[in-house]
Amino acid sequence: MISAGFMAFAALPADATECIAPSNPGGGWDFTCRTIGRILTELDLVDGNVQVTNMPGGVGAVTYAMVASERSDDADLIVATSTVGITQIAQGKYPAGVDAMRWLGMLGADVGVVAVAADSEIQSMADLNEALKADPSSLTTAGSSSIGGWDHIRLLIAAREGGVEDLPAIRWVQFDGGTDAVTQLIGGQVDVVSTDISEIGGFVESGDIRLLGVMSDERIPAFSDAPTMIEQGIEMTGYNWRGLYTGGDVSDDAYNTWVSNLETLYNSENWQTAAVEFGLVPIWRGGDDFEAYIREQEKVTADISRDIGVIQ
């Protein structure tokens, strides 16, 4: 492996570079591996092609266990992951904890939002949280994940940061997707929806719903009228990010080379175009910054999961 001093120009080794998508073909993890693998080759950051392996099972748990036990020092292996994976780890659904891997970087994300019907009396996150503080069961909230899933968890994080204490009393309904949840929102069957902007952007553009807040560091350019949570005094983000990890025993030189090459890839027109076409907001967090972000997200998710009884 090329030393860290030459990271900016490093080409990872040739014949065995592999990206595992812990899922069947199609979907976010498969997109991450296939697109990043292709662009690594296009930019000559690896020699030859990146082998993409699909390894479904346990929402990523099968792959995680295999890497931890069999390939923890394989510097030519990267694995696609996302917010879903960290939620699974936080809730004890993977056989090893967050420290079993080295976390390389986040390259893009779908951004979480909280929305209400256009004619709702709730005008801001402050209004929403005041209503939930007064009576947590007074509103029906909804999204596309189950209780303890990411849509649910990030709404509860926003509520907790806004001063709501009785999180288990907040009513939650799961739908098959954000679109289904919004249909019920427009029809008056639910009061609030927490989901990704990519799933409901069309309803915002049509004026059927309003965004109370977006869970990103900065406003979303396509919906620049909607304030972030942070602007409203709620210190949180809610990215459904896409990223990569490698084995926990990979050397510092190999790890740093991957981080450097992935940052080069992120800054390329190739990735910026591919990410946007897939509906992602390009966002880079890499290396130590990403490691710290992962640990914080795992801790916050575990804390909320305990609060609502998903884990002990």
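Coordinates for the structure precede this section.
Reference entry: report on the structure contained in this document. (Residues numbered from 1 in each chain as written. Predicted model: local features only at pLDDT ≥ 70, side-chain atom pairs only at ≥ 80, totals over all residues. Heavy atoms only, no water.)

Secondary-structure assignment places Asp30 in helix 1 (residues 28–42). In this structure Asp30 comes out as buried when scored by relative accessible area, which is 7%. Of the polar contacts made by the side chain of Asp30, one reaches the side chain of Asn54; its length is 3.0 Å. Sequence-distant contacts of Asp30, defined by excluding residues within four places in its chain, comprise Ala21, Ser23, Asn24, Pro25 and Asn54. (Helix = DSSP H or I, 4+ residues; strand = E, 2+ residues; numbered from the N terminus. Buried < 20%, exposed > 50% of the residue type's maximum accessible area, 1.4 Å probe, protein only. Polar contact = N/O pair within 3.5 Å; in protein donor to acceptor, adjacent residues only side chain to side chain. Contact = heavy atoms within 4.5 Å.)

Enumeration over the complete set of coordinates arrives at 1 disulfide. Each sulfur in the disulfide pair Cys19 and Cys33 lies 2.0 Å from the other. What sets the handedness of the Cys19 and Cys33 disulfide is the S-S torsion sign, and at about -75° it is left-handed. In this pair, Cys19 sits in strand 1 (residues 18–21) while Cys33 sits in helix 1, placing the two residues 14 residues apart along the sequence. Owing to a relative accessible area of 0%, Cys19 belongs among the buried residues under this scheme. (Disulfide = S-S within 2.5 Å.)

Counting residues in each nonpolar core, the largest one holds 72 residues, and the members touching the most others are Leu40, Trp103, Leu211, Trp241, Leu244 and Trp271. At 10 residues, the largest contribution of residues to this core is made by strand 4 (residues 101–117). Residues Leu132, Leu156, Val164 and Ile170 belong to the second largest nonpolar core, which totals 27 residues. (Core = buried A, V, L, I, M, F, W, Y, C linked by side-chain atoms within 4.5 Å.)

Moving on, we come to the packing of aromatic side chains. Applying the stated criterion across every chain yields a total of 9 aromatic pairs. Each ring, one from Phe31 and one from Trp271, has its centre 6.1 Å from the other, and the planes form 40°; the classification is tilted. Highlighted residues: Phe31 in helix 1 and Trp271 in helix 9 (residues 269–277), separated in sequence by 240 residues. Taken as a pair, Phe31 and Trp271 share a single burial class, namely buried. Here Phe290 and Tyr293 contribute two aromatic rings whose centre-to-centre distance is 6.5 Å and whose plane-to-plane angle is 15°, an arrangement assigned as stacked. (Phe/Tyr/Trp six-rings, centres within 6.5 Å; stacked < 30°, edge-to-face > 60°.)

Another point: helix 10 (residues 287–307). Between its first and last C-alpha, helix 10 extends 31 Å over 21 residues, near the 30 Å set by a 1.5 Å rise per residue. Taken as a whole, helix 10 has its buried residues at Gly287, Phe290, Glu291, Tyr293, Ile294, Gln297, Val300, Thr301, Ala302, Ile304 and Ser305. At its buried positions, helix 10 is contacted by helix 3 (83–90), strand 4, helix 5 (150–161), strand 9 (239–247), helix 8 (252–266) and strand 10 (281–286). Gly309 lies just past helix 10 and shows a positive phi near 85°. (Expected span 1.5 Å × (residues − 1).)

This part takes up the packing of helix 3 against helix 10. Viewed as axis vectors pointing N to C, helix 3 and helix 10 meet at an angle of 55°, and their least axial separation amounts to 8 Å. Judged on the interaxial angle alone, helix 10 and helix 3 are oblique. Once helix 3 is placed against helix 10, the crossing between them reads as right-handed. Each of Thr83, Ile86, Thr87, Ile89 and Ala90 in helix 3 lies in contact with helix 10, whose residues at this interface are Ile294, Gln297, Glu298, Thr301 and Ala302. Split into classes, the residues belonging to the contact of helix 3 with helix 10 amount to 5 nonpolar, 4 polar and 1 charged. (Axes fitted to C-alpha atoms, helices over the stretch in contact; angles between N-to-C directions. Parallel < 35°, antiparallel > 145°, perpendicular 65-115°, else oblique. Left-handed = near helix turned anticlockwise from the far one by under 90°. Nonpolar A, V, L, I, M, F, W, Y, C, P; charged D, E, K, R; others polar.)

If you walk through the whole model with that rule in mind, you get 1 cavity of 30 Å³ or more. Its volume calculated, the largest cavity comes out at about 30 Å³. Lining the largest cavity, in full, are Pro22, Trp29, Gly60, Tyr64, Val79, Ala80, Thr81, Tyr94 and Tyr245. It is strand 3 (residues 77–82) that contributes the most residues to the lining of the largest cavity, 3 residues altogether. Its residues assigned to classes, the lining of the largest cavity comprises 7 nonpolar, 2 polar and no charged. (1 Å grid on protein atoms, 1.4 Å probe; cavity = no way out; pocket = protein on both sides within 12 Å on 5 of 7 lines; lining within 4 Å. Points joined across faces, edges and corners; volume = space filled by probe spheres on them.)

To find leftover empty space, a probe the size of one water molecule is rolled over the atoms. One number sums up the size of the largest pocket: a volume of about 400 Å³. Along the wall of the largest pocket there are 25 residues; nearest its centre are Val59, Val84, Ser145, Trp150 and Asn240. Counting residues per element, the ones that place at least two in the lining of the largest pocket are helix 1, helix 3, helix 5 and strand 9. Tallied by class, residues from the lining of the largest pocket come to 6 nonpolar, 12 polar and 7 charged. What the second largest pocket holds in volume is close to 270 Å³. Lining the second largest pocket are 14 residues; nearest its centre among them are Met236, Thr237, Glu296, Gln297 and Val300. Elements supplying a minimum of two residues to the lining of the second largest pocket: helix 5 and helix 10.

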